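Working through the structure, step by step
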Amino acid sequence: MYWIILSLIILAICLILIVTTLVSLPKLGDERTNYIKMKAQSYVFTVVIGVLLLEIIKSIYLTAWTDSSYEGMNPFSFLVTISVLYLISLLLSKKKYGG
């Protein structure tokens, strides 16, 4: 029960920080703002696709070659992890390309 509350708190903090960072980006100009967002989104998209491919491989392995069944991943923890990763990527991109 406590991990659910902790996860909700972490997700809320990440969402607030992401919105704050995105609001502060328009001061940099249109081209740099779009470039920073594009870099952060492309990195996180690559990680998400990689994780999903690994989950597919894990599912195929567990169902085809073992006697156990695949239970899947928790979507809420996946969302929290991706939110944290996007926030870190956005802040690093802003620091690197923001001037």
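Check the entry above for the structure.
The following paragraphs examine the structure supplied in this document. Every chain is numbered independently, its residues counted from 1 as its sequence is written. Whole-chain, interface and lining totals are the exception, using all residues; otherwise, since this is a predicted model, local features are given only for residues with pLDDT of at least 70 and side-chain atom pairs are given and counted only at 80 or more. Side-chain numbers come from the whole structure's heavy atoms, not from hydrogens or water.

With respect to helix H3 (residues 75-97)
Every α-helical turn comprises 3.6 residues, leaving residues that sit three or four positions apart pointing alike. The first and last C-alpha atoms of H3 sit 32 Å apart over 23 residues, in line with the 33 Å expected at 1.5 Å per residue. Among the residues of H3, those classed as buried are Val80, Ile82, Ser83, Tyr86, Leu87, Ser89, Leu90 and Ser93. Where H3 is buried, its residues touch helix H1 (2-24) and helix H2 (30-65). Of the residues flanking the start of H3, the one acting as N-cap is Asn74, its side-chain oxygen 3.1 Å from the backbone nitrogen of Phe76. Each helix is a run of H or I in the DSSP string that is no shorter than four residues. Each strand is a run of E no shorter than two, and both are numbered from the N terminus. One fewer than the residue count of a helix, multiplied by 1.5 Å, yields its expected span. Burial classes: relative accessible area under 20% of the type maximum marks a residue as buried, over 50% as exposed, and values in between as partly exposed (1.4 Å probe, protein chains only). Here a residue-residue contact requires only that any non-hydrogen atoms of the pair lie within 4.5 Å. In protein, a polar contact means a hydrogen-donor-capable atom and an acceptor-capable atom, both N or O and within 3.5 Å, with residues adjacent in sequence counting only if both atoms are side-chain atoms; elsewhere, any N or O pair within 3.5 Å suffices.

Here we look at the packing of H1 against H3
Under this scheme, a helix contributes an axis fitted over its contacting stretch, all axes are lines through C-alpha atoms, and angles between N-to-C directions fall in the 0 to 180 degree range. It is at 9 Å that the axes of H1 and H3 come closest, and there the two elements cross at 30°. Between H1 and H3, the interaxial angle falls into the category roughly parallel. Judged by the sense of rotation from one axis to the other, the crossing of H1 with H3 is left-handed. Contact residues: Ser7, Leu8, Ile10, Leu11, Cys14, Leu17, Ile18, Thr21, Leu22 and Ser24 in H1; Phe76, Leu79, Val80, Ser83, Val84, Tyr86, Leu87, Leu90, Leu91 and Lys94 in H3. Roughly parallel refers to an angle under 35 degrees, roughly antiparallel to one over 145, roughly perpendicular to one between 65 and 115, and oblique to any angle outside these ranges. Crossings are assigned a handedness: left-handed for a near helix turned anticlockwise from the far helix by less than a right angle, right-handed for a clockwise turn.

With respect to the nonpolar core
Here, nonpolar core means buried Ala, Val, Leu, Ile, Met, Phe, Trp, Tyr and Cys residues that are tied together by side-chain atoms lying within 4.5 Å of each other. Within the largest apolar cluster, 11 residues are counted, these being Cys14, Ile18, Leu25, Ile36, Ala40, Val44, Val48, Ile82, Tyr86, Leu87 and Leu90. At the level of secondary structure, the elements contributing two or more residues to this core comprise H1, H2 and H3. Beyond its immediate stretch of four places on either side in the chain, Ile18 contacts Ser83, Tyr86, Leu87 and Leu90.

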